[in-house]
Amino acid sequence: MNFLRWLVFAIAALAMNFPVLSTLVTSFKSEAEIASNPSLWIHAPTLANYLDVFRISDRFDILHYLWNSFASSILGAGLSLLLAFPAAYGLVRFGTGRKWLLPLVANLRAIPLIVFAIPLYLVYARVGLLDTRLGLALILCIVNLPLVLVLLVAALRDLPAELDEAARVDGASTFTLLWRIILPLAAPALATTMVLGFVYAWNEFLFALILTTRDAVTTTVGASFFFAASGGGVRWGIAAAVMVLSVLPPMALGLLLYRRIGQSLAAGAVKG
Amino acid sequence: MQSQHLRDGRILLAPLTIFLLAMLGLPLVVDLIYSVSRVEFRTILSPEFVGLANYASALSSENYWQAAWFSLRFGLVCAVAQLLLGLFLAIFLAPLIDRRPWLLAFLMLPMMVAPALVGLMYRLILHEFVGVVPWFMFTYFGDSPSFLGPDNAFRTLVVVEVLQWTPFALLILYSAYAAIPKDVREAASIDGAGPWQRLWRIDLPLMTPVLGATFFIRFIDSFRVFDNVYTLTGAGAGGATTTMSIWVYEAFFKSGDIGRAVAASMLLLVAAWAVLAIVHRLSERRA
């Protein structure tokens, strides 16, 4: 029975991670071998594709895409924490907006984001936010808010209210209290939420596709450029290497912090 | 003290509220106005009221209903498949994961990959000359179906979506399963309940709320799907894989039909709201 369980685990893990594994294999094959040998076995492993990725940076600048992803994701996730943390505290301790704000934001998760895409595009075109990292970060913040708010509300609810009361007796204002007492206590929850928000933002595609064209193109959109390459068709080896580089940051975070991310995702889903 | 709390609470919530009004409220107003106007990129600031013509135009277009049907079917099939597969894996693998939690890391990994990139990866994997799956089919079965052709595209996309997001169901259902107190199961065993009886009479009833929530989340996410379908097939396969989200995107960015695209997004919003209302009603009745 235990053997059967291990077998099922192995099959499930392989099947679900198959796209990444297969792409990883392809990225270490030469262009010639990709054409002649589509199997998962590599006859002559090479790093040529990874070097070529940077060699064609005058046309497709992968480092620029990675930097755009990194900057807008940090900014977007950070901003969502900055907005949601005080709001979560207000919700939990004073009950402000518990009736309307929390359901509104939590239900946002169920709304197809394309609904907001067109008007935001038109507004962005007016105010000059199209194709900027800041403009994208503002959207990524919105995308993250439902999960971030639900997770922070859950985390703050677990903190004992006696701490607040003790500090209040000593005459601390709400804002001193939030900064000096609650923030340090909630730091682990904030860190996990930040990581999750970063991963979600990094993986976002729809708004990056709509709102960025050149300067602020992120890696999810940039990677698709390598598939639409003009002329003699797709250079699969380079495309594979680009994808490996693009999935590395979120996957590394996922492997390192799987336990906390798993707990957060499960909690966020059930409470949200 | 009470009024002080009220004031502090408002101050704490103000930044978030203002941000939401600007980033969601304003777009919604624009949506609403343009959905009842004739408007083009040149006349973007002077929309002309045309009543419900845009809605009629969206609803009377044949491929709108095709996209609606595709999304609905895709959402339902994917949600059911993910729920069943996730439930099976969660319960069957629970003894392994209980002792070695790090196994979860490998099962969670697919969720860390951008769906858009997963779509691109399958473009490589399913490519008829360089892809590993067609190669395997040719080598061992002598023939390979056209995975992204009109006949198979739906099934292929379902498999792609299910393989990536079953981990989500698995993770949540495993947490719920592990949270069932040991003594409940032990008491049932002592009363003579076998493994199947314990599953049907104890575990599944206790997990029902979580099963419902998981189904709902997976349905919504698969229904509104854009990224992986767009990067894998585009509106290819003869338009057979146009989802609702892709329909709105194409109406706006490809056809430039602002009014129609905006009207369709308003309909999408109403549909999402209706689903939410139903789910809310159901969960209240249970509680």
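Cut-offs used in this document
- Residues numbered from 1 in each chain as written.
- Chains lettered and ligands numbered in written order.
- Predicted model: local features only at pLDDT ≥ 70, side-chain atom pairs only at ≥ 80, totals over all residues.
- Helix = DSSP H or I, 4+ residues; strand = E, 2+ residues; numbered from the N terminus.
- Buried ≥ 20, exposed ≤ 12 C-beta atoms within 10 Å, placed from the backbone.
- Contact = placed C-beta atoms within 7 Å.
- Nonpolar A, V, L, I, M, F, W, Y, C, P; charged D, E, K, R; others polar.
- Axes fitted to C-alpha atoms, helices over the stretch in contact; angles between N-to-C directions.
- Parallel < 35°, antiparallel > 145°, perpendicular 65-115°, else oblique.
- Left-handed = near helix turned anticlockwise from the far one by under 90°.
- Expected span 1.5 Å × (residues − 1).
- Bend = angle between axes of the 7 residues up to and from the residue.
- Core = buried A, V, L, I, M, F, W, Y, C linked by C-beta atoms within 7 Å.
- pLDDT = per-residue confidence, 0-100.

A count of helical and extended segments in chain A gives 14 helices and 0 strands. The secondary structure elements of chain A, listed N-terminal to C-terminal, are α-α-α-α-α-α-α-α-α-α-α-α-α-α. Taking the principal axes of its C-alpha atoms as reference, chain A extends roughly 75 × 65 × 30 Å. When each of the 272 residues of chain A is scored for burial, the buried share is 49%.

Note on interface size: it is often stated as the accessible area lost on association of the parts. At the interface, 76 residues of chain B touch 69 residues of chain A. It is helix H1 (residues 2-35) of chain B that provides the largest number of residues to the side of chain B that touches chain A, a total of 16 residues. Partitioning the side of chain B that touches chain A into residue classes produces 60 nonpolar, 10 polar and 6 charged.

With that out of the way, let us pick up the packing of helix H7 (residues 114-127) of chain A against H1 of chain B. For the pair H7 of chain A and H1 of chain B, the least separation of the axes is 8 Å and the interaxial angle reads 100°. In terms of orientation, H7 of chain A and H1 of chain B fall into the roughly perpendicular class. Of the residues in H1 of chain B, those touching H7 of chain A at Phe 116, Pro 119, Leu 120, Leu 122 and Val 123 of chain A are Leu 24, Leu 26, Pro 27, Val 30 and Asp 31 of chain B. Of the residues in the contact of H7 of chain A with H1 of chain B, the class split is 9 nonpolar, no polar and 1 charged.

Take the packing of helix H2 (residues 18-27) of chain A against helix H13 (residues 236-256) of chain A next. All names here are of chain A. Following both chains from N to C, one finds H2 and H13 inclined at 130°, their axes separated by 8 Å at the closest point. By the angle class used here, H2 and H13 are oblique. In this structure, H2 meets H13 at a crossing whose hand is left-handed. Counted together, Val 20, Thr 23, Leu 24, Thr 26 and Ser 27 of H2 and Trp 236, Gly 237, Ala 240, Ala 241, Met 243, Val 244 and Val 247 of H13 form the full contact between these two elements. Its residues assigned to classes, the contact of H2 with H13 comprises 8 nonpolar, 4 polar and no charged.

Bringing helix H5 (residues 62-94) of chain A into the picture now. All names here are of chain A. With 33 residues, H5 extends 47 Å from end C-alpha to end C-alpha; this agrees with the ideal 48 Å at 1.5 Å per step. A bend of about 25° at Ala 84 is the largest found in H5, and the proline Pro 86 appears one to four places after it. Phi turns positive one or two residues past the end of H5, at Gly 95, with a value near 70°.

Core analysis: the largest hydrophobic core is formed by 164 residues, its most contacted members being Ala 84, Ala 88, Leu 149, Leu 152 and Met 243 of chain A together with Leu 117 and Val 248 of chain B. With near-sequence residues (within four places) excluded, Leu 149 of chain A lies in contact with Ala 84, Ala 87, Ala 88 and Val 105 of chain A.

What follows deals with the confidence of the model for chain B. Per-residue confidence for chain B gives a mean pLDDT of 90; residues scoring 70 or more make up 98%. Per-element mean pLDDT across chain B ranges from 82 in strand S2 (residues 48-49) of chain B up to 96 in helix H5 (residues 115-125) of chain B.

As a further point, take H7 of chain A. Residues and elements named next belong to chain A. The end-to-end C-alpha separation of H7 is 20 Å, in line with the 20 Å expected for 14 residues at 1.5 Å each. Within H7, the axis deviates most sharply at Leu 120, by approximately 25°. For H7, every residue scored as buried is listed here: Ile 114, Val 115, Phe 116, Ala 117, Ile 118, Pro 119, Leu 120, Leu 122 and Tyr 124. Gly 128 occupies a position one or two residues after H7 and carries a positive phi of about 75°.

Attention now goes to the confidence of the model for chain A. Scored by pLDDT, chain A comes out at a mean of 91, with 97% of its residues at no less than 70. Model confidence for chain A, summarised as mean pLDDT per element, is weakest for helix H14 (residues 258-271) of chain A at 80 and strongest for H2 of chain A at 97.

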